[in-house]
Amino acid sequence: MNCKHKESNSADKSPLAKVKDSVEIAVSKQFESFCSGCHGQQIAAFADRKWKHGKEISDIISSIKTGYADAEMPSFEAAFSEDEIKNIAVYILKGIDNVDKYRKGPDGYIYASVEKPGYVFRLKPLKK
Ligand code: HEC
């Protein structure tokens, strides 16, 4: 566990880590501006869907690029660069990863499992 104060934490970050942070903020803003109108503000809610067109990075990139005109999903190929599309796809994948970590059990509680070498912790929050 890292118990350092937040500020000293960010001061410790390498310049590269800072760049990565700012990309992530930019991507989440892009998601908010261009996608949330249809897909909802919460990336977690979007990620927790029955994936119709596949949830591999290549599927997600192709969904964003070509869109699904029949279903009113626009094509973003002209709006974003290759890199921007890839970053958005990675952002969605991270959302999927989080959803998979915090799955609801059959009893409606959310279980989070944290695995460390030799241990598996299962958390059961009090609230559904
Ligand atoms: C105008 C509404 C609209 C906007 C804006 C929009 N989408 Fe969509 N999107 C849809 C609809 C509707 C579908 C479902 C298509 C289908 O069912 O075939 C979809 C499907 C998708 C899928 C495939 C989901 C699956 O189940 O496989 C991805 C990925 C996706 N959108 C990403 C995005 C991203 C990223 C943005 C923003 C850059 C965005 N969408 C903006 C309406 C929208």
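Read on for an overview of the structure. What you are looking at is a predicted structure, and each value in this text was computed from that prediction instead of being measured.

1. Description of the packing of helix α4 (residues 57–66) against helix α5 (residues 82–101)
Interaxial distance between α4 and α5 falls to 9 Å at its minimum, and their mutual angle equals 125°. Compared by their axis directions, α4 and α5 come out oblique. The two elements α4 and α5 cross, and the hand of that crossing is right-handed. Taken together, the residues of α5 that come into contact with α4 (itself represented by Ile 57, Ile 60, Ile 61, Ile 64 and Lys 65) are Ile 85, Lys 86, Ile 88, Ala 89, Ile 92 and Leu 93. For the contact of α4 with α5, the class distribution of residues is nine nonpolar, no polar and two charged.

2. Let's talk about the site of the ligand
Neighbouring the ligand are 19 residues; Cys 35, Cys 38, His 53, Ala 71 and Met 73 lie closest to it. Elements with a minimum of two residues in the shell around the ligand: α2 (15–39) and α4. For the shell around the ligand, the element with the most residues is α2, which contributes five residues. The residue makeup of the shell around the ligand, split by class, is twelve nonpolar, four polar and three charged.

The rules behind these values
- Just so you know, the residues in each chain are numbered from 1, in the order the chain's sequence is written.
- The predicted origin of the model limits local features to residues at a pLDDT of at least 70 and limits the giving and counting of side-chain atom pairs to 80 or more, whereas totals for whole chains, interfaces and linings rest on all residues.
- Each axis is a line fitted through C-alpha atoms, and for a helix only the stretch in contact is used; angles between axes span 0 to 180 degrees, taken between their N-to-C directions.
- Helical segments are the DSSP runs of H or I of at least four residues, strand segments are the runs of E of at least two, and each set is numbered from the N terminus.
- Convention used here: angles under 35 degrees read as roughly parallel, angles over 145 as roughly antiparallel, angles from 65 to 115 as roughly perpendicular, and any remaining angle as oblique.
- Whether a crossing is left-handed or right-handed is set by the direction in which the near helix is turned from the far one by less than a right angle, anticlockwise for left-handed and clockwise for right-handed.
- Two residues qualify as being in contact provided that their C-beta atoms, derived from the backbone, are within 7 Å of each other.
- Lys, Arg, Asp and Glu make up the charged group, whereas Ala, Val, Leu, Ile, Met, Phe, Trp, Tyr, Cys and Pro make up the nonpolar group; the residues left over, Gly among them, are polar.
- For each residue, a C-beta atom is placed from the backbone, and the residue counts as near a molecule or strand when that atom lies within 6 Å of it.

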